[in-house]
Amino acid sequence: MDLNNMVNLVEEKGQANESQPQPLSSGLERQLFTEPQLQDGSSYVKEGLDMKTSASIIFSLKEEVGILAKTLTMFHKCRVNLLHIESRSSKRSPGDYEFIVECDTATGDMNTALEHLRQKASYLQVISRNHHDNAETVPWFPRKIRELDRFANQILTYGSELEADHPGFTDPVYVARRKQFADIAYNYRHGQSLPRVEYTREEVKTWGTVFRELLELYPTHACREHNHVFPLLIENCGYREDNVPQLEDVSNFLKDSTGFTLRPVAGLLSSRDFLAGLAFRVFHSTQYIRHPSCPYYTPEPDVCHELLGHAPLFADPSFAQFSQEIGLASLGAPDEYIEKLATCYWYTVEFGLCRQDGQIKAYGAGLLSSYGELEHCLSGKPQLLPFDPVNTGVQKYPITEYQPLYFVAESFDDAKEKILNFASTIPRPFSVR
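Let us look at the structure shown here. The residue numbering used here restarts from 1 in each chain and proceeds along that chain's sequence as written. Where totals are concerned, whole chains, interfaces and linings use all residues; where local detail is concerned, this predicted model gives features only for residues with pLDDT of at least 70, and gives and counts side-chain atom pairs only at 80 or more. The side-chain values count all of the structure's non-hydrogen atoms but skip hydrogen atoms and water molecules.

### What to know about the pattern of salt bridges
In step 1: When a carboxyl oxygen of Asp or Glu lies within 4 Å of a side-chain nitrogen of Lys or Arg, that pair is called a salt bridge. Using the criterion set out here, one finds 14 salt bridges in the structure.
In step 2: The partner of Asp-414 in a salt bridge is Lys-418, and the shortest N-O contact between them spans 3.3 Å. Of this pair, Asp-414 and Lys-418 both sit in helix 14 (residues 412–423), four residues apart, which is roughly one turn of that helix.
In step 3: Relative accessible area serves as the criterion here: at 28%, Lys-418 is assigned to the partly exposed category. Here a strand is any run of E in DSSP of at least two residues, a helix any run of H or I of at least four, and the numbering for each starts at the N terminus. Each residue's exposure class comes from its accessible area (1.4 Å probe, protein chains only) as a fraction of the maximum for that residue type: buried when under 20%, exposed when over 50%, partly exposed otherwise.

### Quick notes on the sheet that holds strand 14 (residues 353–356)
In step 1: Between any two strands, pairing holds if DSSP finds at least two bridges. Here four strands make up an open sheet; going across it, the order is 15-14-17-16 and the pairing mixed. For this open sheet the edge positions go to strand 15 (359–362) and strand 16 (383–386), each flanked by a neighbour on one side alone. Across the sheet, the axes of successive neighbouring strands diverge by a mean angle of 40 degrees, strand direction being ignored.
In step 2: For strand 14 and strand 15, the ladder comprises four bridges, and the chain directions are antiparallel. Directly across from Arg-355, in strand 15, lies its bridge partner Ile-360. In this analysis an axis means a line fitted to C-alpha atoms, helices contributing only their contacting stretch, and an angle means the value between N-to-C directions, from 0 to 180 degrees.

### As for the packing of aromatic side chains
In step 1: Each Phe, Tyr or Trp ring (for Trp, its six-membered ring) is paired with any other whose centre lies within 6.5 Å, and the angle between the two planes then decides the class: stacked below 30 degrees, edge-to-face above 60, tilted in between. The final tally for this structure, using the stated rule, is 21 aromatic pairs.
In step 2: On the numbers, 4.8 Å between centres and 40 degrees between planes, the contact of Trp-346 with Phe-351 is tilted.
In step 3: Classification of Trp-346 as buried rests on a relative accessible area of 16%.
In step 4: Through a chain of ring-to-ring contacts, three or more aromatic side chains come together here, namely Phe-260, Phe-274, Phe-283, Phe-314, Phe-319, Phe-322, Tyr-345, Tyr-363 and Phe-412.
In step 5: Placement of a positive charge over a ring is assigned whenever Lys NZ or Arg CZ falls within 6 Å of the ring centre and within 35 degrees of the normal to the ring plane. Over the ring of Tyr-288 we find Arg-178; its NZ or CZ atom is 3.5 Å from the centre of that ring.
In step 6: Lys-340 extends its terminal NZ or CZ atom over the ring of Tyr-337, reaching a point 4.8 Å from the ring centre.

### Quick notes on the packing of helix 4 (residues 201–221) against helix 8 (residues 303–314)
In step 1: The interhelical angle for the contact between helix 4 and helix 8, taken along N-to-C directions, is 25 degrees, at an axis separation of 11 Å. As far as their axial angle goes, helix 8 and helix 4 are roughly parallel. Crossing angle aside, the handedness with which helix 4 passes helix 8 is right-handed. Together, Trp-207, Val-210, Phe-211, Leu-214 and Tyr-218 of helix 4 and Val-303, Cys-304, Leu-307 and Leu-308 of helix 8 make up the contact between the two elements.
In step 2: Charged means Asp, Glu, Lys or Arg here, nonpolar means Ala, Val, Leu, Ile, Met, Phe, Trp, Tyr, Cys or Pro, and polar covers whatever is left, Gly included. Residue composition of the contact of helix 4 with helix 8, by class: nine nonpolar, no polar and no charged. Should an angle fall under 35 degrees it is called roughly parallel, over 145 degrees roughly antiparallel, and 65 to 115 degrees roughly perpendicular, with every other angle called oblique. Crossing chirality is assigned from the near helix's rotation relative to the far helix, an anticlockwise turn below a right angle marking it left-handed and a clockwise turn marking it right-handed. Whether two residues are in contact is decided by their heavy atoms: any pair within 4.5 Å suffices.

### Quick notes on unusual backbone geometry
Working note: non-glycine residues mostly have negative phi, and peptide bonds are mostly trans.
In step 1: In this structure, Arg-281 takes a positive phi of about 55 degrees despite not being glycine.
In step 2: Tracing the chain through its elements places Arg-281 in the loop between helix 7 (271–279) and strand 13 (282–285).
In step 3: Although it is not a glycine, Asp-357 sits at a positive phi angle of roughly 55 degrees.
In step 4: Along the polypeptide, Asp-357 turns up in the loop between strand 14 and strand 15.

### Thoughts on helix 6 (residues 247–257)
In step 1: Within helix 6, the full set of buried residues consists of Leu-247, Glu-248, Val-250, Ser-251, Phe-253 and Leu-254.
In step 2: Looking at the buried residues of helix 6, the elements they touch are helix 5 (224–237), strand 11 (261–264), strand 13 and helix 8.
In step 3: Following helix 6 by one or two positions, Gly-259 has its phi on the positive side, about 90 degrees.

The structure is reproduced here in structure tokens:
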């Protein structure tokens, strides 16, 4: 099965599960996403239905006549609104039938419904975004690529809400432009063509300044995989000094190369949601560009960072697999492990170094999109340590200055194996493949 479209759960580690979930009734499905509400006088977006009010319950029952009707009656008596139901034969317990029921936890008596299920079910597991302080609940995660729509706009900050120290904070034209980009991303849904943007002359000039400077350092500072792919992006995706490439063109190139795709994002996602996208080889990418007054600095990821730093490496099969393994490791992981995985991501995909032909080279996007830090990381001044998820995952890091410490991978394949070994230690009642 294609990992880009579905993540298969193996409820008992080491046991294959080849059964396909089958929807029982399309009439029982309801779209969870509701239209955002724009507050008067602001670009702050208020969500409609909060995903924290929904939960998925996986449970197994002995196969018998009318078992589904009895279960639905129980939910009805407890006044719990059902949003979606799937069923399949259980591979865990032959002879049992397994159900996946999505419920609106804001309605009815959910606790009573769960107690009734526990009395009859041979297996029961709750999956919910509202998992904090509940040891029996697994954090919700997408099982199909289209389910990325359900959290893509559950952003921590909206793209046009700038901090007071942002270079564009007092520039009303820039703030308005940022809102245009944020709104474009907010309305995007999986399966649509990525929105094309007509960049202004000033934006193209900013891109060109960054592009021109970095192009000088890549031959001596970037890893061989980046230097191999970059000319292909120039040839196929319009990478040049006087043109900002379109996400759609780059995404199509990546999809043909490794199956990775880009998706526009309206603001900052949580670490859990961002990493979940990588599990499906989806990278959430911004489209806006940094403020023209500071072409060599941006306080948050912009299109220069995404397309010059990240995109080239996603076209490399080994790096793409390594990135996906970090995402797969995050699915359903406890919060403390999400923090460790996010830190590993920071020190690899964002600020990673690797050893090639006896030399240290840069492969992290934060390095490959910053002329100053690309020079700094190989200057001999920062401390270099071998990449090891156990130690790397607990290392603190600054976000507003050059890194004083970098972790060095022996190769992308070696880093992938270390992430796989680390993932095997994550406590969760299933594994992913």
